Amino acid sequence: VMADDLEALLVQLVHDTCVLLGHSSSSSYAYRLGGLRPERVSRILLLSPLPPAPYLSAVETRSPWAAALLHSSSRTPRVFALMVGAGLKAWKLMGTRRFVALQLRDLPADVKAARRADVLAEFEAAFEACALQGPDLATMDLTEITRDWSDWVASCSVPVEWFQGTKEPIGLLGGNFTSLAAASQAPHS
């Protein structure tokens, strides 16, 4: 459906191709679109991307909620859904500033950045969007990003560039994910 929507949008705008910009949990969808519509996507730029689950689990996840979600996503789907709903409720009760500080507590530079008014406003907008949709859609999106979507990486024939902080643990995956990405038909960084 997303690939058909992308196609329709480009036809309507009278554009042959586009650059896809993805962030975090949309990483999997960007790779998928690059595999389904490579003639329409000239390149993919991913900001703070998340790799497929097997490569995520190799990294020490410093957010307690994220670590628990990653652990439970494929093993116990019902517990996973319960955790997403509970996380959204905790976020609402605690407030964005406290919730984000708790999740990022082992990353002082990130906690400091999250206290900036402009960054905090983005976190609040993200929470509001999630809360308005309810936990089911958040669960569906989080299920997608925490599964093994390595096949989507392998089928993507569009150049993909990652933009990640140098101290970001996920960015320090080393050769494992790089090898998977290089095995596909396009250059990845």
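Thresholds, definitions, all that
- Residues numbered from 1 in each chain as written.
- Predicted model: local features only at pLDDT ≥ 70, side-chain atom pairs only at ≥ 80, totals over all residues.
- Heavy atoms only, no water.
- Axes fitted to C-alpha atoms, helices over the stretch in contact; angles between N-to-C directions.
- Helix = DSSP H or I, 4+ residues; strand = E, 2+ residues; numbered from the N terminus.
- Parallel < 35°, antiparallel > 145°, perpendicular 65-115°, else oblique.
- Contact = heavy atoms within 4.5 Å.
- Nonpolar A, V, L, I, M, F, W, Y, C, P; charged D, E, K, R; others polar.
- Left-handed = near helix turned anticlockwise from the far one by under 90°.
- Pairing = 2+ DSSP bridges.
- Buried < 20%, exposed > 50% of the residue type's maximum accessible area, 1.4 Å probe, protein only.
- Phe/Tyr/Trp six-rings, centres within 6.5 Å; stacked < 30°, edge-to-face > 60°.
- Expected span 1.5 Å × (residues − 1).
- Arc of directions from axis to C-beta.

1. Remarks on the packing of helix α5 (residues 77–94) against helix α6 (residues 96–103)
- Contact geometry of α5 with α6 gives a least axis separation of 6 Å together with a crossing angle of 125°. Classified by the interaxial angle, the pair formed by α5 and α6 is oblique. Within the contact between the two elements, α5 uses G87, A90, W91 and M94 and α6 uses T96, R98, F99 and L102.
- Residues of the contact of α5 with α6, tallied by class, amount to five nonpolar, two polar and one charged.

2. Overview of the packing of α5 against helix α9 (residues 135–146)
- Viewed as axis vectors pointing N to C, α5 and α9 meet at an angle of 120°, and their least axial separation amounts to 9 Å. Relative to α9, α5 is oriented oblique. Here α5 and α9 pass one another in a crossing that is right-handed. Note on element contacts: α9 touches α5 through P135, A138, T139, L142, T143 and T146, opposite F80, A81, V84, G85 and L88.
- Within the contact of α5 with α9, the residues separate by chemical class into seven nonpolar, four polar and no charged.

3. Comments concerning the sheet that holds strand β1 (residues 18–23)
- Strand order in the open sheet made by the three strands is β1-β2-β3, with parallel pairing throughout. Strands at the two margins of the open sheet, each flanked by one partner only, are β1 and β3 (160–163). Going from strand to strand, the sheet's axes swing by 20° on average, the running direction of each strand aside.

4. Focus on unusual backbone geometry
- A positive phi angle, close to 55°, is found at V14, a residue other than glycine.
- For V14, a relative accessible area of 70% translates into the label exposed.

5. Here we look at the packing of aromatic side chains
- Under the criterion given, the structure shown has three aromatic pairs.
- Taking 5.7 Å as the distance between ring centres and 40° as the angle between the ring planes, the aromatic pair formed by Y31 and W149 counts as tilted. Here Y31, found in helix α2 (residues 27–36), pairs with W149, found in the loop between α9 and α10 (150–155); they are 118 residues apart in sequence, far enough to count as distant.
- Y31 sits in the buried class, given a relative accessible area of 1%.
- Taken together through their ring pairs, the aromatic side chains of W91, F99 and F127 make up a single cluster.

6. Concerning helix α1 (residues 2–13)
- Its twelve residues place the ends of α1 16 Å apart at the C-alpha level, agreeing with the 16 Å of an ideal helix rising 1.5 Å per residue.
- Taken as a whole, α1 has its buried residues at A3, L6 and L10. The arc enclosing the buried residues of α1, seen along the axis, measures out at 60°, which places them on a common side. In α1, the exposed residues that point more than 90 degrees away from the buried face are V11 and Q12.
- On the buried face of α1, the contacting elements are β1, α2 and β2 (41–47).

Interpretation in functional terms is not warranted from these geometric data alone.
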